[in-house]
Amino acid sequence: MILSSSTSIQNFFFAPLPNGVIFALLVIGVFLSFRILDVADLSVEGIIPLTTVVTAILIHQGINCFVALLISAFIGLATGLLNSLLTVYLKIPALLSGIIMMAANFGLSIVFMSLNGGVATFAMSAHLTAFNWLGNGLKVAGLSSYYANYLSYIIVGGAILALIAFALYFFFGTELGMSIRAAGKNKHMSRANGIQVKGMFMIGLSISGALVGIAGSLYAQHNGFGYSTDGTGMIVVGLSSLFLGELIFGQKSFKRGLLASIVGSFLYWYIIQVLMLIDTNGYLLNFYKAILLVVVILLGHLVKHVTVKINNKKNRMRMTQEGERETIQSPSEMLQENFSHFVLGAERKRS
Amino acid sequence: MEKEKILELYDIHKTFSMDTNPLNDKKALRGVSLTIYEGDFVSVIGSNGSGKSTLLNCIAGRFPIEEGSIILNGRELRKDSEEKRAKYIARVFQDPLEGTIASMSLFENLSIASRRGERQSPLRWALSKKKEVAFAELLKSLNLGLENRLNSPMGTFSGGQRQSITLLMATLKKPELLLLDEHTAALDPKTARTVMELTNQMVREHNIPTLMITHNMKDAIAYGNRLIMMNEGKIIFEAEGEEKKNLKVQDLIDKFNALGEGTLSDSQILAN
Amino acid sequence: MKKQNKIVLFATFLLSASLLAGCGGDETEKTQIGVLQFGSFTALENVKKGFVKTLEGSKLADQISFNIQNPQANSTTNTQMAATLAAESDLVLGIATPSATALKSAVDSVGTGIPVLFAAVTNPIGANLVNDLVLPGENVTGVTDLGPIAEGLQLVLDFGGVDQVTSLFTATETNSVYQAGIAEAFLSSKGVSSSRTTITNAGEITSAIASIPEEVDAVFIATDDTIANSISLVRGAVESLDASRSKPLIVFGADSGLVEGTTFSMGIDYEASGVQVAKQALKILQDGAQAGSLSVESCDNHTISINKTFAEKEGLDLPESLLSKEGATIL
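Predicted model, so just to flag it, every value in this text is computed and none were measured.

1. Here's the deal with the overall build of chain A
Along its length, chain A carries 14 helices and zero strands. The order of α-helices and β-strands along chain A, N terminus first, is α-α-α-α-α-α-α-α-α-α-α-α-α-α. When burial is assessed residue by residue, chain A has 56% of its 351 residues classed as buried.

So, in structure tokens, the structure goes:
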């Protein structure tokens, strides 16, 4: 515990903000693939390094940061689309096709880095990023550079996040959006109602990929560089954040899922910040992360237990015992369910 | 006066390959021909493995067929996908979990069904106040007390309620053909009776040509105007009109027994 | 109700955590030195050791306190630690390129303008840390870990009959790619052809070495963390490859940490480079020098290790120029 001054407390609140806001987009992407489409999409770990590397190189070449952002979104979208094509048409289980796309994107990021002389960096002071154009402006307006910096993450990051979250909320409320949700949850019912399950899967995974691509690009713009190793552990970040958020918001509706993704992302990075205070050497950090996941899952059980009790009380007044059916899943149940899904993925895809 | 033909099946063959050895192929349908006319409510019975479920799935498009043709109101459906056929054909499954989406609300489920087989717009809202009022009205007519629960997730409903709702969903947009795949088999006897009554009422009310598979021979005799019995991928017995009405459960069991031992499962005998 | 309770609970948790953080005592008057060490690789540990030891042995020892953080090679943790260190320190040291660049970006963003030092960085210009090695300007300077690659390769050529050299490195490691480029430039000036043998993770080392063709006479291994961690794999792979070759491979490593799997290695002394960067820190803290006015230094303390047992086992005759090197450690 070296931190002491008032700046420590201030920092405690500000330092996790950039990661929180940037990776909220990744968590939403994971939410779409994992919860809505019911697949664990590991291509996330390839999209992040490819987009960080591409963004850093593009900005270094003098390309506008928002153009780099769009290109990254397109890379993510293309990855998601290819990934879904592998699953839908070549019948490769989703877990495996995700790994294939991860390897392909990771490989491409290495190629781009090598072509660029083994580096992918740009000088923050010489180039505008999605964040510092506003930060610079705020500094000129007289704000201290410390606040100007973090305020730019809150404003720009918050705006991008809000825009995307609202767009998704509305899109998934349209007929097409609802069909995507339906196709992910129940293929038989969807087909019986004329929903093109394959097409919906392709659209859904593409949107998920695009979101992850944007997160990768913003991450590079936050760092000032990209690395081909940036993607390591990203799926864990995404899932842990999602589970954390779902502890609060549950997973009853799409809106709650979006909120869970966003709030969960911030929660995750604040918890990491606490863990960093405890363990500055980082030796135990990964171990703590594992414990964190266990605690989240246990808490999930607890929340489920309590909600079942409350619901039972409510329902008893309203309906017969026969009508009761619990839909709230705890994270551990979800894990189990999805584990069998991984294993049986090939079998399921066939139908 | 000649009745209008709705569904025409000509010599349908369906084989499932178990492995690469053609000797191990399982012939599920061996030349099924059947015509369903306007106003027909056909019940289908048969032992396990007789091919009755396969027949339904072939009509619906879940399984492609090798030979034969499926003509619905003059359209050849053989090459159409399951999704495309959904525009004309509605289905209710045996498993109450299969016909609806548990995690989505009753309103959302109904809304999906109301646009069965139509283009899904990325711009138009799926849920509207107008729809909500219309659906509530319809639910009221079911007398199941569901009209106030439009926003509850499907998962909170009982099996019987879900099958009733699935029936309603199947008829929201009137289909040219309704396929019922043992849709009461997973319910307790009392609920099954209620759902069967509701089925009969809806089919008659909307005059929907219907093909219903059932395990329950009493139901097969009591409901509908035609009955067919299948065995080893073929239709082996047909009855309609007066002949069907006068059938007894024992007659059907005798017919089964005449086919040889072990073709009639215990559950079917117990069901009667 | 339920939801509110949960939010209140969490807010309480955050608040208590931050209060806990605030209970550290009155260290505010001391000069805070933030160190971000990217991982626990031996070379990086040695830099830290040299840096901390030198500062703790200096006159400033009582007036400074260290905040040493290690993200264990995790990119996101690295970024977040950099943000904290940049805001709370009076001087920061980034050990290895990812940590140094993250610190520079964080200091730029937060705008405190504190001095940023770097060590264990091979190519500070390529990494956009500085624009000029002699007069870096701004607030960044440090010590590079670029070793005597040309000198080492000359020793390889002294073995005689060397016509082609391949560089073995991890494609994801920026420093290794850069060093391979330096090696290739030197080799082509000597009329020796060169090639690249790249891997992306340690699991590929064995098969990558097994695929080295007969016409390659020597292997150059850069200061590569992935390979350094699995150097015994390199040795095993070279031994089995040599069994099928007419002439054994000469293996030269650019870091003494690689000696186990190489014929000989020659690199900088990382602890000495830690001492060097600590001296730069002292110039800034004691003498009030501007970081940008201090030239980027290279480390002149080289260590040479000769793996004679390995060489003899493979049937290599070591040249006199190598054996007569001053201060060489012979295994």
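2. Re the overall build of chain C
Summing up its helical and strand segments, chain C has twelve helices and 13 strands in all. Seen through its C-alpha atoms, chain C measures out along the principal axes to roughly 75 × 55 × 35 Å. A burial count over chain C gives 53% of its 331 residues as buried. Counting only contacts in chain C whose residues sit at least 6 apart along the sequence, the fraction spanning at least 24 positions is 75%.

3. What to know about the interface of chain A and chain B
The interface of chain A with chain B comprises 24 residues on the first partner and 35 residues on the second. Examining the composition of the side of chain A that touches chain B, we find that seven residues originate from one element, helix α8 (residues 175–185) of chain A, more than from any other.

4. A few points about the sheet that holds strand β1 (residues 31–37) of chain C
All names here are of chain C. Taken together, the six strands give an open sheet; going across it, the order is β2-β1-β3-β4-β5-β11, and neighbouring strands pair in parallel fashion. Of all strands in the sheet, those bounded by a partner on one side alone are β2 (64–69) and β11 (297–298). Sheet analysis places strand β3 (residues 91–95) next to strand β4 (residues 116–121), joined by four bridges and oriented parallel. Along β4, the bridge assignment pairs Ile95 with Ala119. Of the strands in this sheet, β1, β2 and β3 are in contact with helix α3 (residues 75–88), which crosses β1 at around 160°.

5. Quick look at the interface of chain A and chain C
If you look at the interface, chain A gives 54 residues, while chain C gives 47 residues. Taken together, the residues of the side of chain A that touches chain C sort by class into 25 nonpolar, 27 polar and two charged.

6. Focus on helix α6 (residues 132–140) of chain A
Taken together, the buried positions of α6(A) are occupied by Asn132(A), Leu134(A), Gly135(A) and Leu138(A). Each buried residue of α6(A) sits inside an arc of 155° when the element is viewed along its axis, so together they form one side. Set apart from the buried face of α6(A) by more than 90 degrees, the exposed residues are Gly137(A) and Val140(A). Buried residues belonging to α6(A) abut α7 (145–171) of chain A together with α4 (97–110) of chain C. Where α6(A) terminates, the next one or two residues include Gly142(A), which has phi positive at roughly 105°.

7. Here we look at the environment of Ile59(A)
Residue and element names in this part refer to chain A. Residue position: Ile59 is located in helix α3 (residues 44–60). Among the residues examined, Ile59 registers 29 C-beta atoms within 10 Å and is labelled buried. Separated by 224 residues in sequence, Ile59 and Tyr283 place their C-alpha atoms 34 Å apart. The residues touching Ile59, leaving out its near neighbours within four places in the chain, are Cys65, Ala68, Phe122, His127 and Thr129.

8. Digging into the domain arrangement of chain C
Residues and elements named next belong to chain C. Here chain C is described as being made up of domain 1 (28–144 + 270–301) and domain 2 (149–268 + 303–330). Here domain 1 and domain 2 have C-alpha centroids that lie 30 Å from each other. Taken together, the contacts link 13 residues of domain 1 with eleven residues of domain 2. Elements with a contribution of two residues or more to the side of domain 1 that touches domain 2: α2 (42–56) and α10 (270–287). By residue class, the composition of the side of domain 1 that touches domain 2 is five nonpolar, eight polar and no charged.

9. Let's talk about the sheet that holds strand β5 (residues 75–76) of chain B
Residue and element names in this part refer to chain B. Read across the open sheet, the four strands follow the order β2-β1-β4-β5; overall the sheet is antiparallel. Lying at the two open borders of the sheet, with one neighbouring strand each, are β2 (26–37) and β5. With respect to the sheet, helix α1 (residues 52–60) is in contact with β1 (5–16), β2 and β4 (67–72), its orientation differing from that of β2 by roughly 65°.

10. A few points about the packing of α3(A) against helix α11 (residues 234–249) of chain A
Residues and elements named next belong to chain A. Close contact between α3 and α11 brings their axes to 8 Å; oriented N to C, the two are set at 115°. Across from Val44, Glu45 and Ile48 in α3, the residues of α11 making contact are Met234, Ile235 and Gly238. For the contact of α3 with α11, a count of residues per class yields four nonpolar, one polar and one charged.

11. Regarding the packing of helix α2 (residues 16–36) of chain A against α11(A)
Relative placement of two packed helices is described by the angle separating their axes and the distance separating the axes. All names here are of chain A. Where α2 contacts α11, the axes come no closer than 9 Å and their chain directions differ by 80°. In this view, α2 runs roughly perpendicular relative to α11, as classed from their interaxial angle. Of the residues in α11, those touching α2 at Phe23, Leu26, Val27, Val30, Phe31 and Phe34 are Met234, Val237, Gly238, Leu239, Ser241 and Leu242. Of the residues belonging to the contact of α2 with α11, the class tally is ten nonpolar, two polar and no charged.

12. Some thoughts on the arrangement of the chains
There are two pairs of chains in contact here; the most contacts are made by chains A and C. Separated throughout, chain B and chain C approach each other most closely at a C-alpha pair spaced 19 Å apart.

13. Considerations on unusual backbone geometry
All names here are of chain C. Positive phi is not limited to glycine here, since Ala73 has a value of about 65°. Its location among the elements puts Ala73 in the loop between β2 and α3. Take Ala73: there are 19 C-beta atoms within 10 Å of it, and that puts it in the partly exposed class. For Ala120, which is not a glycine, the phi torsion comes out positive at approximately 60°. Positionally, Ala120 belongs in strand β4.

14. Regarding α11(A)
All names here are of chain A. The end-to-end C-alpha distance of α11, which contains 16 residues, comes to 22 Å, matching closely the 22 Å that a straight helix rising 1.5 Å per residue would cover. Counting buried positions along α11 gives 14 out of 16 residues, so the element sits mostly inside the fold. Phi turns positive one or two residues past the end of α11, at Gly250, with a value near 65°.

15. Observations regarding the pairing of strand β7 (residues 177–181) of chain B
On any regular strand, side chains alternate: one points to one face of the sheet, the next to the other face. All names here are of chain B. Burial of β7 is extensive: five of the five residues sit out of reach of the surface. By the alternation rule, side chains of β7 split into Leu177, Leu179 and Asp181 and Leu178 and Leu180, which are all buried. Pairing geometry for strand β6 (residues 89–92) and β7, over four bridges, is parallel. The partner of Ala90 across the bridge, within β7, is Leu178. The pairing of β7 with strand β8 (residues 210–213) spans four bridges and is parallel. Looking across to β8, one finds that Leu180 is bridged to Met212. Between the parallel elements β7 and β8, the chain passes through helix α7 (residues 189–206) in a crossover that is right-handed.

16. Points about the confidence of the model for chain C
Residues and elements named next belong to chain C. Overall, the prediction assigns chain C a mean pLDDT of 87, with 92% of residues at 70 or greater. Element-level pLDDT for chain C is lowest in helix α1 (residues 2–21), with a mean of 50, against a maximum mean of 96 in β3. In this model, residues 17–27 is a region of pLDDT below 50 whose contacts with residues beyond four sequence positions or in other chains number 21 contacts. Across the predicted assembly, pTM comes out at 0.83 and ipTM at 0.87.

17. Quick word on the environment of Glu137(B)
Residues and elements named next belong to chain B. You can see Glu137 is positioned in helix α5 (residues 129–142). For Glu137, a count of 10 C-beta atoms within 10 Å puts it in the exposed group. Sequence separation between Glu137 and Glu147 is ten residues; the distance between their C-alpha atoms is 7.2 Å.

Rules and cut-offs
- Residues numbered from 1 in each chain as written.
- Chains lettered and ligands numbered in written order.
- Predicted model: local features only at pLDDT ≥ 70, side-chain atom pairs only at ≥ 80, totals over all residues.
- Helix = DSSP H or I, 4+ residues; strand = E, 2+ residues; numbered from the N terminus.
- Buried ≥ 20, exposed ≤ 12 C-beta atoms within 10 Å, placed from the backbone.
- Contact = placed C-beta atoms within 7 Å.
- Pairing = 2+ DSSP bridges.
- Axes fitted to C-alpha atoms, helices over the stretch in contact; angles between N-to-C directions.
- Nonpolar A, V, L, I, M, F, W, Y, C, P; charged D, E, K, R; others polar.
- Arc of directions from axis to C-beta.
- Domains from an automatic or database assignment.
- Parallel < 35°, antiparallel > 145°, perpendicular 65-115°, else oblique.
- Expected span 1.5 Å × (residues − 1).
- Right-handed = clockwise from strand over helix to strand, strands pointing away.
- pLDDT = per-residue confidence, 0-100.

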